[in-house]
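Observations on the three-dimensional arrangement
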Amino acid sequence: MHYSFDIERGNFADAGQASSSVKRTLKHLGVDPANIKRTVVALFEAEINAIAHAYGGRIDVDIDDGKIVMVVADQGPGIPNLDLAMQEGWSTASPQVREMGYGAGMGLPNIKKNTDDLKIETTVGVGTTVTMTVNLT
Amino acid sequence: MTVKEIIDKLDLKCLNEANLDAEVSGAYASDLLSDVMGNARSGQVWITMQTHKNVTAIASLRDLPAVIIVRGGVPDEDMLEHAKDEDVCILVSEDATFPLCGKLYELIK
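Residues numbered from 1 in each chain as written. Chains lettered and ligands numbered in written order. Predicted model: local features only at pLDDT ≥ 70, side-chain atom pairs only at ≥ 80, totals over all residues.

A closer look at the overall build of chain A
When you go through chain A residue by residue, the secondary structure sums to 5 helices and 5 strands. Listed N to C, the secondary structure of chain A is β-α-α-β-β-α-α-α-β-β in terms of helices and strands. Its C-alpha radius of gyration of 14 Å places chain A within 12% of the 14 Å reference for a compact globule of 137 residues. Projected onto its principal axes, the C-alpha positions of chain A cover 40 × 30 × 25 Å. Relative to its full complement of 137 residues, chain A shows a buried share of 39%. Across chain A, every contact between residues at least 6 apart in sequence was considered, and the portion connecting residues at least 24 apart equals 62%. (Helix = DSSP H or I, 4+ residues; strand = E, 2+ residues; numbered from the N terminus. Rg over C-alpha atoms; globule rule 2.2 N^0.38 Å. Buried ≥ 20, exposed ≤ 12 C-beta atoms within 10 Å, placed from the backbone. Contact = placed C-beta atoms within 7 Å.)

The following block contains the structure:
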């Protein structure tokens, strides 16, 4: 099963739509609630990161019997220092984004904690692709 | 303790009636959205002063039956609309976070 969603820069009003749609599908498929939780936490955080930091992008989700693979690819600006970005508490979010209760530097650590595999490819000036896998078995 | 009983006992204003019979397992108090996303547990009510639409998105994604907005906060209109679509109960307390947590803790500890 394949789903894709567009991400629009700064469009927080629609944040969570992809996660919500994937959650409904997984519930319908009878996936274990613990795995549904891990999937929605990771996908929501990646979605928020792209909305808050990127110039737009796309989410692709593939679901099969054994695993869920989520790819969030954006068109920049890229992450200059990935080690810092992975550190809990580190954030480059704007004051407006922080006012909404984001920007605590917990997004990427949340993703890492809730996925079985996390791959981040990033090039400054080009973009970032986050590939997250949740194993179902 | 159900959502309905909490509303009655804490004299909360209910802005969206949903999940009134849901059993509340506890509460999570935080204004940081990723904190709630990562650490709240399903069945808990969420105590916060955030009043925008992403609150209901997270409550729905994490199966939190109700959100209690503290200090008489007013939710954004699109947050309330979204709460109706997603069946999230929206409650308002005149208390600040600390006294509200204390009262709720006494009820459901």
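Focus: the interface of chain A and chain B
Between chain A and chain B, the contact holds 19 residues from the first and 15 residues from the second. In terms of residues, the side of chain A that touches chain B owes the most to one element, helix 2 (residues 33-53) of chain A, which gives 4 residues.

Quick notes on the sheet that holds strand 1 (residues 2-7) of chain A
Residue and element names in this part refer to chain A. Strand order across the open sheet formed by 5 strands is 1-2-3-5-4, with antiparallel pairing between neighbours. Since the sheet does not close on itself, it has two edges, and those belong to strand 1 and strand 4 (117-123), each with one partner. For this sheet, the mean inter-axis angle between neighbouring strands, taken without regard to orientation, is 10°. Taken together, the 7 bridges between strand 2 (residues 57-63) and strand 3 (residues 67-74) define a ladder with antiparallel strand orientation. Its bridge partner being in strand 3, Val 61 is matched across the sheet by Met 70. On top of the sheet, helix 1 (residues 17-28) reaches strand 1 and strand 2; it is set at about 165° to strand 1, its chief contact. (Pairing = 2+ DSSP bridges. Axes fitted to C-alpha atoms, helices over the stretch in contact; angles between N-to-C directions.)

Some details on the sheet that holds strand 1 (residues 13-16) of chain B
Residues and elements named next belong to chain B. Read from one edge of the open sheet, 5 strands run 1-5-4-3-2, paired in mixed fashion. Every interior strand has two partners, whereas the edge strands, strand 1 and strand 2 (26-29), have only one. For this sheet, the mean angle separating the axes of adjacent strands, direction not counted, is 25°. Of the pairings in the sheet, the one linking strand 3 (residues 44-48) to strand 4 (residues 66-69) comprises 3 bridges and is parallel in character. In the sheet register, Thr 48 faces strand 4, and the bridge partner there is Ile 69. Across the sheet, helix 4 (residues 77-86) touches strand 1 and strand 5 (89-92), and the angle it forms with strand 1 is around 75°. Packed onto the sheet, helix 5 (residues 97-108) meets strand 2, strand 3 and strand 4 and runs at close to 165° relative to strand 2.

Quick word on the packing of helix 1 of chain A against helix 2 of chain A
Angle between the axes and distance between the axes are the two parameters that describe a pair of packed helices. Residues and elements named next belong to chain A. Close contact between helix 1 and helix 2 brings their axes to 9 Å; oriented N to C, the two are set at 165°. It follows that helix 1 is roughly antiparallel to helix 2 by the angle criterion. Judged by the twist between their axes, the crossing of helix 1 over helix 2 is right-handed. Contacts from Ala 18, Ser 19, Val 22, Lys 23, Leu 26 and Lys 27 of helix 1 reach helix 2 at Ile 36, Thr 39, Val 40, Leu 43, Phe 44 and Glu 47. When its residues are assigned to classes, the contact of helix 1 with helix 2 shows 7 nonpolar, 2 polar and 3 charged. (Parallel < 35°, antiparallel > 145°, perpendicular 65-115°, else oblique. Left-handed = near helix turned anticlockwise from the far one by under 90°. Nonpolar A, V, L, I, M, F, W, Y, C, P; charged D, E, K, R; others polar.)

A look at unusual backbone geometry
With an omega of 20°, the peptide bond between Gly 76 of chain A and Pro 77 of chain A qualifies as cis. Note that Pro 77 of chain A resides in the loop between strand 3 and helix 3 (82-86). The backbone phi angle of Asn 19 of chain B is positive, close to 55°, even though this residue is not glycine. On the secondary structure map, Asn 19 of chain B appears in the loop between strand 1 and strand 2. Its identity is not glycine, yet Asp 87 of chain B carries a phi of approximately 55°, on the positive side. Examined against the element boundaries, Asp 87 of chain B turns out to sit in the loop between helix 4 and strand 5.

Everything listed here is a matter of coordinates, which is why it stays silent on function.
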